[in-house]
Amino acid sequence: MSQLPLEYAWKRILNLSEVCTRVKVDLSFTSAGSSVIWSAASGKRHYIKFISLYVDADVEFGFKWSVEGVKYPLRLTKGYYIANLVGANMVGPQSDSLEIYAEGACNIKGYIIGELK
């Protein structure tokens, strides 16, 4: 398995006082699929700082970048997924959109906090 380039890997951010955006997640899937929740402006990257999501069924769900296509599974069973990534952000590819995916029927609710820069 090949490694992802450093630009897609976890990165340490020194300034923890930056203003962020809260993106609400309220999705329903009737079967496996994905949905864009946050699009990036041209030349910008997502810096994911906090994730708080709930899935109501025993299915794999997670996030992925639209163009990159690599899935980052968060949970396999019903319940909450909460991650504080402040100081160690997940950084997305340039000019890509953030998607939530599910491998079956479910509802996913919560939010993701981050910034575009």
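Described in the following lines is the structure provided in the data block. (Residues numbered from 1 in each chain as written. Predicted model: local features only at pLDDT ≥ 70, side-chain atom pairs only at ≥ 80, totals over all residues. Heavy atoms only, no water.)

Observations concerning the overall build of the protein
Inclusion rule: Helix numbers and strand numbers start at the N terminus; a helix is a DSSP run of H or I with at least 4 residues, a strand a run of E with at least 2. When a residue's accessible area, from a 1.4 Å probe over protein chains only, is under 20% of the maximum for its type it is buried; when over 50% it is exposed; and in between it is partly exposed.
A count of helical and extended segments in the protein gives zero helices and ten strands. For the protein, the α and β elements follow one another from N to C terminus as β-β-β-β-β-β-β-β-β-β. Looking at the protein residue by residue over its 117 residues, the buried ones come to 43%.

Structural notes on the sheet that holds strand β9 (residues 98–102)
What counts, and what does not: Here, any two strands with at least 2 DSSP bridges between them count as paired. Interaxial angle, 0 to 180 degrees, is taken between N-to-C directions of lines fitted to C-alpha atoms, where a helix line uses only the stretch in contact.
Here four strands make up an open sheet; going across it, the order is β3-β9-β5-β6 and the pairing antiparallel. The open sheet is flanked by β3 (33–38) and β6 (71–75), the only strands paired with a single partner. Taken pair by pair, the neighbouring strands of this sheet meet at an average axis angle of 30°, ignoring direction. Across four bridges, the pairing between strand β5 (residues 61–65) and β6 is antiparallel. By the bridge assignment, Phe 61 is partnered in β6 with Arg 75.

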